[in-house]
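# Architecture and fold: a report
Each chain, written out:
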Amino acid sequence: MDDDFRFDRSLEEGIVIKRSSIYTMLVDVGGKQVSCHCPTKGRIGNIDVAGRPCLLSASSNPERKTPYTVEAISLDRPETKDKSWIGINQNAANRYVEHYLRNGGLSDVIGTGDVQRERFLGQSKLDFLVGDNYLEVKTPLQHLQVDIPDYIRVKKTAPFSSTDRMTRHMQELAGSLQSHQKAVLLIVFIYDNPGFRVIERSTNYDEVKRIVDECVSKGVKIWQANFSIDRERVRLERHFRLEL
């Protein structure tokens, strides 16, 4: 049985010309310059995406101003035949996770049961309630934990400072354990990340670490899941417990 997440239509390949704005990239698609939706408003590592091959999903809405969404980029040269891809669609990550929650691929992470999306807990809206257990998904792109080829231009980046939402969700997960059996933070990568680690300290690193450690001591589990992406599908390659 094929348990992969399959796209309704094969993704198309293009080459990024530039990142035009937070939400758009100008892409060469078959020799035509097209403004495409960029599904992450944050940075993608510290790389300049200009010249990077990319995978595009076509919109089914003919009225949309951006007819494609950039689903993934590659650090390989455009002429490379079998490219490795890094998924950048952070919103789509929850669709991939939901697919594997429903087919049992992540049962050892959170258990089994009715899968519900976006359930309120305290002041937060968490991604999933599986049975009686909460699961929150994070898809970091601020650092790409891969080797960056020397032909790719890198940019100097400021310390990461947007941590309030993540720490609030961790605290809500910890609080849920008063009446629920399990609470999980799932860190998702749509490429083969060897094991998440903090490379660059955030501007409030010590406070974030204190909150994370406190929540883990109360029973919140942290897992990592690595997915792969190509033109046809997304596959759960491996998942494992993390100790941060």
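The notes below deal with the structure included here. (Residues numbered from 1 in each chain as written. Predicted model: local features only at pLDDT ≥ 70, side-chain atom pairs only at ≥ 80, totals over all residues. Heavy atoms only, no water.)

### Here we look at the overall build of the protein chain
Scanning the protein chain from terminus to terminus reveals four helices and 13 strands. For 244 residues, the compact-globule estimate of 2.2 N^0.38 gives 18 Å, and the C-alpha radius of gyration of the protein chain, at 19 Å, lies within 12% of that figure. Considered along the principal axes of its C-alpha atoms, the protein chain spans approximately 55 × 45 × 35 Å. For the protein chain, the exposed surface amounts to about 12800 Å²; the carbon and sulfur share of it is 45%. Charge-centre separation for the protein chain: the mean point of 36 positive side chains lies 4 Å from the mean point of 34 negative side chains. (Helix = DSSP H or I, 4+ residues; strand = E, 2+ residues; numbered from the N terminus. Rg over C-alpha atoms; globule rule 2.2 N^0.38 Å. Areas by Shrake-Rupley, 256 points an atom, 1.4 Å probe, with all protein chains shown as cover. Lys, Arg positive; Asp, Glu negative; His and termini not counted. Charge placed at Lys NZ, Arg CZ, Asp CG, Glu CD.)

### As for the environment of G51
Note that G51 resides in the loop between β4 (32–37) and β5 (53–58). Residues contacting G51, with those up to four places away along its chain left out, are I15, V16 and P78. (Contact = heavy atoms within 4.5 Å.)

### Quick notes on the pattern of salt bridges
What the rule picks out here adds up to 12 salt bridges. With a closest N to O distance of 2.8 Å, D48 and R153 form a salt bridge. Taken together, the positions of D48 in the loop between β4 and β5 and R153 in the loop between β10 (133–138) and α3 (164–176) put the pair 105 residues apart, joining distant regions of the chain. The shortest N-O distance in the salt bridge between E214 and R210 comes to 3.6 Å. Of this pair, E214 and R210 both sit in helix α4 (residues 205–217), four residues apart, which is roughly one turn of the helix. By relative accessible area, E214 is classed as partly exposed at 33%. Judged by relative accessible area, which is 42%, R210 ranks as partly exposed. (Salt bridge = Lys/Arg side-chain N within 4 Å of Asp/Glu carboxyl O. Buried < 20%, exposed > 50% of the residue type's maximum accessible area, 1.4 Å probe, protein only.)

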